[in-house]
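Residues per chain are reported as follows:
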Amino acid sequence: MEIKIIKCLNDNYSYIIFNKETLISVVIDPSEADPIIHEINKNKFNLKYILNTHHHYDHVGGNEKLKEKYNCKIVGFEKDKNRIPGIDIGLNDNQTWKNELFECKILHIPGHTSGHICIYIKELNALFTGDTLFSLGCGRIFEGTYDEMYKSLNKLKKFPKNTKIYCGHEYTKKNSDFCFSIDKENSKLLNKIKKIKKDIQNGNPTIPTILSDEIECNIFLRTDNLKIQKQIGVNSNNPIETFTKLRDLKDNF
Ligand code: ZN
Ligand code: FE
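Residues numbered from 1 in each chain as written. Chains lettered and ligands numbered in written order. Predicted model: local features only at pLDDT ≥ 70, side-chain atom pairs only at ≥ 80, totals over all residues. Heavy atoms only, no water.

Attention shifts here to the overall build of the protein chain. The number of helices and strands found in the protein chain is nine helices and 14 strands. The C-alpha atoms of the protein chain give a radius of gyration of 18 Å, which matches the 18 Å a tight globule of 253 residues would have. Summarising its shape, the C-alpha atoms of the protein chain cover approximately 55 × 40 × 30 Å along the three principal directions. Element-wise, carbon and sulfur atoms account for 47% of the exposed surface of the protein chain, whose accessible area totals about 11,600 Å². Placing the 38 positive and 33 negative side-chain charges of the protein chain at their respective mean positions leaves the two points 4 Å apart. (Helix = DSSP H or I, 4+ residues; strand = E, 2+ residues; numbered from the N terminus. Rg over C-alpha atoms; globule rule 2.2 N^0.38 Å. Areas by Shrake-Rupley, 256 points an atom, 1.4 Å probe, with all protein chains shown as cover. Lys, Arg positive; Asp, Glu negative; His and termini not counted. Charge placed at Lys NZ, Arg CZ, Asp CG, Glu CD.)

A four-donor tetrahedral metal ideally has 109.5 degree angles, and a six-donor octahedral metal ideally has angles of 90 or 180 degrees. Ligation of the zinc ion (ligand 1) by protein atoms is provided by His54 (NE2), His56 (ND1), His112 (NE2) and Asp131 (OD), these donors lying 2.2 to 2.3 Å from the ion. Coordination geometry of the zinc ion (ligand 1): the four donor atoms subtend angles of 87 to 169 degrees at the metal centre, consistent with an arrangement described as irregular. Counting residues between consecutive donors of the zinc ion (ligand 1) along the chain gives the motif H-x1-H-x55-H-x18-D. Here the zinc ion (ligand 1) and the iron ion (ligand 2) are spaced 3.2 Å apart, with Asp131 acting as a shared donor. Pair noted here: His56 is in the loop between strand S4 (46-51) and helix H2 (57-60) and Asp131 is in the loop between strand S10 (126-130) and strand S11 (133-134), with a separation of 75 residues, a long-range link. (Donors = N, O, S within 2.8 Å, 3.2 Å for Na, K, Ca; no water. Tetrahedral: all angles 85-135°; square planar, octahedral: opposite > 155°, others 65-115°.)

So, about the pattern of salt bridges. Within the structure shown, the criterion is met by 18 salt bridges. Between Lys65 and Asp34 there is a salt bridge, and its shortest N-O distance comes to 2.9 Å. Taken together, the residues Lys65 in helix H3 (residues 63-70) and Asp34 in helix H1 (residues 34-43) connect sequence positions 31 residues apart. For Lys65, a relative accessible area of 46% puts it in the partly exposed group. Across the pair Lys227 and Glu185 runs a salt bridge whose closest N-O atoms are separated by 3.2 Å. Of this pair, Lys227 sits in helix H8 (residues 226-231) while Glu185 sits in the loop between helix H5 (172-182) and helix H6 (187-201), placing them 42 residues apart in sequence. (Salt bridge = Lys/Arg side-chain N within 4 Å of Asp/Glu carboxyl O. Buried < 20%, exposed > 50% of the residue type's maximum accessible area, 1.4 Å probe, protein only.)

Moving on to the state of the cysteines. Here the structure, examined in full by the defined rule, presents zero disulfides. Cysteine Cys8 shares no disulfide, and the gap to the nearest cysteine sulfur, in Cys167, comes to 13 Å. Cys72 forms no disulfide, and the closest cysteine sulfur to it belongs to Cys8, at a distance of 14 Å. (Disulfide = S-S within 2.5 Å.)

This paragraph deals with the coordination of the iron ion (ligand 2). On the protein side, the iron ion (ligand 2) has Asp58 (OD), His59 (NE2), Asp131 (OD) and His169 (NE2) as donor atoms, found 2.1 to 2.3 Å from it. Its four donor atoms give the iron ion (ligand 2) angles of 82 to 170 degrees at the centre, a pattern that matches the irregular case. We note that the donor set of the iron ion (ligand 2) lies within a single chain, spaced as D-H-x71-D-x37-H.

Given a rise of 1.5 Å per residue, 13 residues ought to cover 18 Å, and the 18 Å separating the end C-alpha atoms of helix H9 (residues 239-251) matches this to within 8%. Buried residues of H9: Thr242, Phe243, Leu246, Arg247 and Lys250, and no others. For H9, the buried positions fall inside an angular range of 130 degrees around the axis, keeping them on one side. Lining the buried residues of H9 we find strand S12 (137-138), helix H4 (146-157), H5 and H8. (Expected span 1.5 Å × (residues − 1). Arc of directions from axis to C-beta. Contact = heavy atoms within 4.5 Å.)

Generally, phi is negative for residues other than glycine and the peptide bonds are trans, each holding for most cases. In this structure, Pro208 follows Ile207 across a cis peptide bond, with omega equal to 0 degrees. In this fold, Pro208 is placed in the loop between H6 and strand S14 (209-210). Positive phi values are uncommon outside glycine, yet Leu23 reaches one of about 65 degrees. Within the element layout of this structure, Leu23 appears in the loop between strand S2 (12-18) and strand S3 (24-28). The backbone of Asn71 shows a phi angle near 60 degrees, a positive value even though the residue is not glycine. For Asn71, a relative accessible area of 66% gives the class exposed.

Before going further, it helps to spend a moment on the packing of aromatic side chains. Applying the stated criterion across every chain yields a total of twelve aromatic pairs. A ring pair is formed by Phe18 and Phe45, whose centres lie 4.7 Å apart and whose planes are at 35 degrees; its orientation type is tilted. Placement of Phe18 in strand S2 and of Phe45 in the loop between H1 and S4 is noted, with a sequence separation of 27 residues between them. Assigned by exposure class, Phe18 and Phe45 land together as buried. Seen from their ring centres, Phe178 and Phe253 are 5.1 Å apart, and the 70 degrees between their planes marks the pair as edge-to-face. Of this pair, Phe178 sits in helix H5 while Phe253 sits in the segment after H9, and the two are 75 residues apart along the sequence. An aromatic cluster of at least three residues, connected via ring pairs, comprises Tyr150, Phe178, Phe220, Phe243 and Phe253. Geometry around Phe180 places Lys184 over its ring, the cationic atom sitting 5.4 Å from the centre. (Phe/Tyr/Trp six-rings, centres within 6.5 Å; stacked < 30°, edge-to-face > 60°. Lys NZ or Arg CZ within 6 Å of the ring centre and 35° of its normal.)

As structure tokens, then:
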């Protein structure tokens, strides 16, 4: 089983998970149909399912066209079934869901939207985080509260440290600029930035990132760091206040 990264729209990533012998495939967050159709036809994949992390158009935009063309089933969060186009199968928090290709664990991680989920495939050591956790950043809080987003990110931190993170957007360079503006003395961050620059220069995605890198370098996962708190003027050891301040600073960065 392998993962193909598909660039969509301006800066989105969709992912095709496939078995190269059986050609059975599953797509995660098809932003738009055409780049996915191109890849499926080129490889003669048999598309069985679409999984959506959340209902935003740049994650579900290809749902209906792909369903019509390949007769695949659409899978998403049960409580978002009225706003995920073409949904057939609703999943719940903490559910394990099995299909012809893999077994995955679903966690509800609200904050960016109220119905956002992540998809963890243990066999691939892969976590699909949509617009909740990005490399060196996190999603904007559209429907949830700061507290919800903070808790959701903490859930993600608990996956095995070597988990590969596949997120919804290539925002890494801009995110790295923000992390660096506050966390200048973090040598791990400086190394990560070097690698990011190299990837971008070579025209490669900066994705997947590794959870351990994010825990060490992503400022939104380092809200318990006293130096960072001091740097942004949070006095007490208060991670949620730190998270809130960082999110607001990033919104205006
Ligand atoms: Zn989104
Ligand atoms: Fe998005």
